[in-house]
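One letter stands for each residue in the lines below.
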Amino acid sequence: MASLKYSRQRESIKEFLMTRKDHPTADVVYENMKLIYPNISLGTVYRNLSLLADIGEIRKLPSFAGVDRFDGRTEQHSHFMCTQCNKVIDMENDKIDRFLDNAGNDFKGQISDYSVRFFGICEDCLKNQGN
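If you're wondering where the values come from, they're calculated on a predicted model, not measured in any experiment. (Residues numbered from 1 in each chain as written. Predicted model: local features only at pLDDT ≥ 70, side-chain atom pairs only at ≥ 80, totals over all residues. Heavy atoms only, no water.)

Visitor: Any details on unusual backbone geometry? Residues and values, ideally.
Guide: The residue His23 is not glycine, and still its phi comes out positive at about 55°. Within the element layout of this structure, His23 appears in the loop between helix 1 (8-18) and helix 2 (26-36). Its identity is not glycine, yet Asn86 carries a phi of approximately 65°, on the positive side. The topology assignment puts Asn86 in the loop between strand 3 (78-82) and strand 4 (88-91). Taking the relative accessible area as the measure of exposure, Asn86 reaches 32% and is therefore partly exposed. (Helix = DSSP H or I, 4+ residues; strand = E, 2+ residues; numbered from the N terminus. Buried < 20%, exposed > 50% of the residue type's maximum accessible area, 1.4 Å probe, protein only.)

As structure tokens, this is what we get:
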């Protein structure tokens, strides 16, 4: 593969995602990039998000509530989506991690990747239901 030409816009998109924990959509990325690059197009943002995901610089979380989300955190981890507010949260749970680490022990093939998603109601929405 030929080396990838440097792009300030692509680097800015990656840096933006690295600062976020909310797993933004392409539209959210676009709106934030327009603040830095007023002439950037939505197509440019989509192409760069796709390229960054393809080369493993970011993770694409397909079809959470019908829309793709993007994550600057590339190591394996699970996600939770609130079915009320559509918030996507990283799941930090040692028991889940141990289970996933051992998932291939009795499997005769080789697991190279996984995607684990949990759905339910987030802590904030549960608190709001109590009011």
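Visitor: Lay out the pattern of salt bridges with the relevant residues and their values.
Guide: Side chains bearing opposite charge may pair, as long as their charged atoms lie close to each other. Taken as a whole and judged by the stated rule, the model has eight salt bridges. A salt bridge links Glu75 to Arg73, with the nearest nitrogen and oxygen atoms 2.3 Å apart. Overall, the relative accessible area of 41% leaves Glu75 in the partly exposed class. For the salt bridge of Arg73 with Glu92, the shortest nitrogen-to-oxygen distance reads 2.6 Å. (Salt bridge = Lys/Arg side-chain N within 4 Å of Asp/Glu carboxyl O.)

Visitor: Can you break down the nonpolar core residue by residue, with the values?
Guide: In this structure, Ile13, Leu17, Val29, Val45 and Leu49 are the most contacted members of the largest nonpolar core, which totals 14 residues. Per element, the largest residue contribution to this core is four residues, and it comes from helix 2. Other than its neighbours up to four places away in sequence, Val45 contacts Ile13, Ala26, Val29, Tyr30 and Ile40. (Core = buried A, V, L, I, M, F, W, Y, C linked by side-chain atoms within 4.5 Å. Contact = heavy atoms within 4.5 Å.)

Visitor: Could you give an account of the layout of surface pockets, with specific residues and numbers?
Guide: Of the voids in this model, the largest pocket is the one considered here, and its volume is about 270 Å³. Arg59, Lys60, Leu61, Asp113 and Tyr114 are, among the 18 residues lining the largest pocket, the residues nearest its centre. Elements supplying a minimum of two residues to the lining of the largest pocket: strand 1 (59-64) and strand 3. If you tally residues by element for the lining of the largest pocket, the top one is strand 1, at five residues. (1 Å grid on protein atoms, 1.4 Å probe; cavity = no way out; pocket = protein on both sides within 12 Å on 5 of 7 lines; lining within 4 Å. Points joined across faces, edges and corners; volume = space filled by probe spheres on them.)

Visitor: I'd like a description of helix 1, backed by residues and values.
Guide: Burial in helix 1 covers these residues: Arg10, Ser12, Ile13, Phe16 and Leu17. Taken end-on, helix 1 shows its buried residues confined to a sector of 160°, consistent with a single buried face. The elements touched by buried residues of helix 1 are helix 2, helix 3 (42-54) and strand 2 (67-71). (Arc of directions from axis to C-beta.)

Visitor: Pulling in residues and values, what's your account of the packing of helix 1 against helix 3?
Guide: Here helix 1 crosses helix 3 at 70°, and the two axes come no closer than 10 Å. Judged by the angle between their axes, helix 1 and helix 3 are roughly perpendicular. Between helix 1 and helix 3 lies a crossing whose hand is right-handed. Taken together, the residues of helix 3 that come into contact with helix 1 (itself represented by Gln9, Arg10, Ile13, Lys14 and Leu17) are Thr44, Val45, Asn48, Leu49, Leu51 and Leu52. (Axes fitted to C-alpha atoms, helices over the stretch in contact; angles between N-to-C directions. Parallel < 35°, antiparallel > 145°, perpendicular 65-115°, else oblique. Left-handed = near helix turned anticlockwise from the far one by under 90°.)

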